[in-house]
Amino acid sequence: MTEVLDQTPQAQAAPPKTGWRRWLLGPGFVRAAWMAPLFFGIGFLIVIGLRSIAHYEPLLNWLIVVTVAGLVTAPLGFLAGIGAFDYWVYYALGYPTRPEDHSGHGARSWKDYFRVNTDHKVIGVQYVVTTIFFFLAGGLMAMIFRAELAKPGMQFLDNQEYNGLISVHASLMIFLFVIPAFAGLANFVIPLMIGAPDMAFPRLNALSFWLLPIAGIIMLSSLAVPGGAFGAGWTGYAPLSVVGTNGNVWFNMGVQWAGASSIMTALNFLVTIITMRAPGMTFWRMPLLVWANFTTSLLVVLATPFIAGSQFFVMFDRLIKTNFFNFHESGYVLGYQHIFWFYSHPAVYIMMLPGFGIASEVISVFSRKPIFGYRLMALSLCAILVLGFSVWAHHMFVSGMANWLRVPMMVTTLLIAVPTGIKVFSWLATTWEGRIHLATPMLFALGFVSMFVIGGLSGIMLGAVPIDIHVSDTYFVVAHIHYVLLGGSLFTIFAGIYYWFPKMTGRMYNERLGKLHFWLTFIGFNLTFFPMHIIGVQGMPRRVSDYDPQFGTWNMIISISSFFLGASFIVFLYNAITSWIRGPLAGANPWHAMTLEWQVSSPPPIFNFDEIPQIVGGPYEYGVPGARHAVFNGAREHELEEARSP
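What counts and what doesn't
Throughout, residues of each chain are indexed from 1 in the direction in which the sequence is written. Residue-level local features of this predicted model are given only where pLDDT is at least 70; pairs of side-chain atoms are given and counted only at 80 or more, and the full residue set underlies all totals for whole chains, interfaces and linings. No hydrogens and no water enter the side-chain calculation; it runs on all heavy atoms of the structure. Numbering of helices and strands runs from the N terminus, with a helix taken as a DSSP run of H or I at least four residues long and a strand as a DSSP run of E at least two residues long. Here, a salt bridge means any side-chain nitrogen of Lys or Arg that lies within 4 Å of a carboxyl oxygen of Asp or Glu. Whether a residue is buried, partly exposed or exposed follows from its accessible area with a 1.4 Å probe, protein chains only, as a fraction of its type maximum: under 20%, in between, or over 50%, in that order. Lines fitted to the C-alpha atoms define the axes, with helices restricted to the stretch that makes contact. Angles between their N-to-C directions range from 0 to 180 degrees. Relative orientations are named as follows: roughly parallel for angles under 35 degrees, roughly antiparallel for angles over 145 degrees, roughly perpendicular for angles from 65 to 115 degrees, and oblique for any other angle. Each crossing gets its handedness from the near helix: less than a right angle anticlockwise from the far helix is left-handed, clockwise is right-handed. By the convention used here, residues are in contact when the closest approach between their heavy atoms is within 4.5 Å. All residues other than Ala, Val, Leu, Ile, Met, Phe, Trp, Tyr, Cys, Pro, Asp, Glu, Lys and Arg, Gly among them, are scored as polar; the first ten of these are nonpolar and the last four charged. Those domain boundaries reflect an automatic or database domain assignment. The pairing test for Phe, Tyr and Trp rings, Trp by its six-membered ring, is centres within 6.5 Å, and the orientation test on the planes gives stacked under 30 degrees, edge-to-face over 60, and tilted for anything in between. Only when the NZ atom of a Lys or the CZ atom of an Arg is both within 6 Å of the ring centre and within 35 degrees of the ring normal do we say a charge sits over the ring. Put simply, buried Ala, Val, Leu, Ile, Met, Phe, Trp, Tyr and Cys residues joined by side-chain atoms within 4.5 Å make one nonpolar core. Fitting axes to the seven residues ending at a residue and to the seven starting there, one defines the bend at that residue as the angle between these axes. Whenever two N or O atoms come within 3.5 Å, that pair is a polar contact, provided that in protein one can donate a hydrogen and the other can accept it, and provided that, for residues adjacent in sequence, both atoms are side-chain atoms. For a helix, the expected span equals 1.5 Å multiplied by the residue count minus one.

A. Summary view of unusual backbone geometry. Cis geometry marks the peptide bond from Glu57 to Pro58, where omega comes out at -5 degrees. Note on placement: Pro58 falls in the loop between α4 (29–53) and α5 (62–82). The linkage connecting Ala238 with the following residue, Pro239, adopts the cis geometry, with an omega of 5 degrees. Among the secondary structure elements, Pro239 is positioned in the loop between α9 (202–221) and α10 (240–243). A positive phi angle is found at His55, which is not glycine, with a value near 60 degrees. As for its position among the elements, His55 is in the loop between α4 and α5. For Asp473, which is not glycine, the phi torsion reads 60 degrees and is therefore positive.

What follows is the structure, encoded as structure tokens:
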């Protein structure tokens, strides 16, 4: 019997590495430091070998080498070095099974946030902190080009530098801040909300995070490319992205890495929500944030492959001389816009629906009232999911597409305002005669509603063909997208960070600083972007580094306000860092909320629940006598015992 036991897979597993071998060969940043150059060399040899076999001249094409070796294989080497593939490679090579000791799961010290970790709560914090870094980088670029735009004429930048800064700024804000920030908050909260011990695929979850800094670093490094960063905007329109600077390749690959991260995360959410809900958690008992992330994940899985394809086509046109979008070789230039916007308009809702869910959670809790029209709110999310794929061409009313497409796209664009309007009226009805507590999360949630309504109204204007033709490519469009995306997403991201800060860190933030942050942001945001409506209607063009002197006064006001808005973020950083270090300890449920994440300690246990929760009611039944969302096994047994006793 002893001999049989000695031959078990666990007994045959290789002994752990010790000393310098563990330091050099064990997963971590040291191994990544030599594996990334090693994989770069492998990529280099692949390119040289294939070009030699095909007799291509010149043999050494540095743009192709850097694309393959620097933007593909070197990042794969980094991922392999930090241990993102260890478990899968170990299994694929046929090594004996290793017992799971959960050493890579959970945060026992601050160092655990700097390695591959399979705990969804650690990954959620990694996401949020990383996205804040890229938000700071993108905001700094905005201040630089707003300084350039403060006066007519050219002050600090040339045209290419301006195009590069504004393109990288927008790309970071969209692909590296808004979308992954929502994914980070959901990563932390969704398994807790549905009573799951973790995400369905913890290792895939960890990998999806580590793709994100790779995408961000690629986009930032484009600023150092000879000739300049990518300058075709965050849309990367062809043919400019094909014939422009080599930095456009960095945009192509950065989007691929970020898109792969999004798809992995979305698949994980879908499987987790469908298969891992606690007993009694029917779809009609799920919190609206779970509904929002469920529909968002469907959007990501269905839409993201389209932008991946469009970026590959552009890169192939540049590197291997295909002609997908080369007009002179019968390429279909307008096809790029159709493919891109078929993803990117649903992407607008990828950047909005999670915010709708956060606003619903916060407004219900701080109004102490059930969500008005809960089922209609959930169904409206599904309606947005479906209609979101039918409106893409309203971005192309002046592109030269077939005229007959304009009216159908205008109709569907105006129609999608219906499910969105349902949400606004539901939030207002939820607050009606509620016991409103104007804590910082509630202020940001209400600020979101007001900013989103303004952005929605200008969106209805842009959905009408005649108005869109008049204000296309003006600052009116810039104002609209910032009210919808920045006003809609940024305010809800801050609402979510403040709302779940006690749960994430175990400490309370400074409420006075939180409210100061809100008012500085709210005032700075409106002073920055509302005047853009005015000068946009008057003809101020967007995407230009110089402009007519008649717009000089308004641009000076906008630039000063943008610096004021940027400075407001310093208050948030100070509050978050100091509160995380020495803020007052938070209770399990400081907001007296009903959803499951508030029924465990702050921060939660490593595997979320010591007892399996039993869902017995809705998540928002505030003010309903005796209402409970969930009970735990111990409580359930106690209640059954009381019911059986005479």
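B. Molecular detail of the pattern of salt bridges. Considering all chains together, one arrives at 5 salt bridges under this definition. Asp112 is the partner of Arg115 in a salt bridge, and the nearest nitrogen-oxygen pair spans 2.7 Å. Under the relative-accessibility criterion, Arg115 is labelled partly exposed at 26%. Given the relative accessible area of 9%, Asp112 is considered buried.

C. Highlighting the packing of helix α8 (residues 159–194) against helix α12 (residues 288–319). With their axes 11 Å apart at the nearest point, α8 and α12 run at an angle of 135 degrees to one another. Taken together, the axes of α8 and α12 lie oblique to each other. As α8 packs across α12, the resulting crossing turns out to be left-handed. Along its contact with α8, which presents Phe175, Ala186, Val189, Ile190, Met193 and Ile194, the element α12 presents Leu289, Val290, Asn293 and Ile307. Tallied by class, the residues present in the contact of α8 with α12 amount to 9 nonpolar, 1 polar and no charged.

D. Structural detail: the domain arrangement of the protein chain. The domain boundaries assigned to the protein chain delineate domain 1 (22–92), domain 2 (117–582) and domain 3 (600–644). Computed from C-alpha atoms alone, the centre-to-centre distance between domain 1 and domain 3 is 50 Å.

E. Representation of the packing of aromatic side chains. Counted according to the given criterion, the structure contains 63 aromatic pairs. A ring pair is formed by Phe356 and Trp427, whose centres lie 5.6 Å apart and whose planes are at 65 degrees; its orientation type is edge-to-face. Of this pair, Phe356 sits in helix α14 (residues 353–367) while Trp427 sits in helix α17 (residues 417–431); the two residues are 71 residues apart in sequence, bridging distant segments of the chain. Note on accessibility: Phe356 and Trp427 belong to one class, buried. Between Tyr509 and Trp591, the ring centres sit 6.4 Å apart and the planes meet at 40 degrees, which makes this aromatic pair tilted. One end of the pair, Tyr509, is in the loop between α20 (475–505) and α21 (511–537); the other, Trp591, is in the loop between α22 (552–582) and β1 (613–615), with 82 residues separating them in the sequence. The ring centre of Tyr87 lies 3.5 Å from the NZ or CZ of Arg203, which sits over that ring.

F. Expanded view of the nonpolar core. Within the largest apolar cluster, 189 residues are counted, with the highest numbers of intra-cluster contacts made by Leu79, Phe175, Phe356, Trp427, Phe448 and Tyr499. If you tally residues by element for this core, the top one is α8, at 23 residues. Excluding residues that lie within four positions of it along the chain, Phe175 makes contacts with Pro180, Leu212, Met219, Trp234, Phe251, Val255, Ala258, Ile307 and Tyr343.

G. Looking closely at α5. At Thr73, α5 shows its maximal kink, close to 30 degrees; a proline, Pro75, follows between one and four residues later. Capping of α5 at its N-terminal end is provided by Asn61; its side-chain oxygen lies 3.2 Å from the backbone amide nitrogen of Leu63. In the stretch just after α5, Gly83 is the one whose phi turns positive, near 100 degrees.

H. α17, seen in detail. In this model α17 runs 21 Å from its N-terminal to its C-terminal C-alpha over 15 residues, within 8% of the 21 Å that 1.5 Å per residue would give. The complete set of buried residues in α17 reads Pro419, Thr420, Gly421, Lys423, Val424, Ser426, Trp427, Thr430 and Thr431. Elements in contact with the buried residues of α17: α14, α15 (374–387), α16 (406–415) and α18 (440–463). Directly after α17, the chain includes Glu433, whose backbone phi takes a positive value near 60 degrees.

I. Fine view of the packing of helix α11 (residues 247–275) against α12. The interhelical angle for the contact between α11 and α12, taken along N-to-C directions, is 155 degrees, at an axis separation of 8 Å. As the angle between them shows, α11 and α12 are arranged roughly antiparallel. Crossing handedness for the pair α11 and α12: left-handed. Looking at the contact of α11 with α12 residue by residue, the class counts come to 23 nonpolar, 9 polar and 1 charged.

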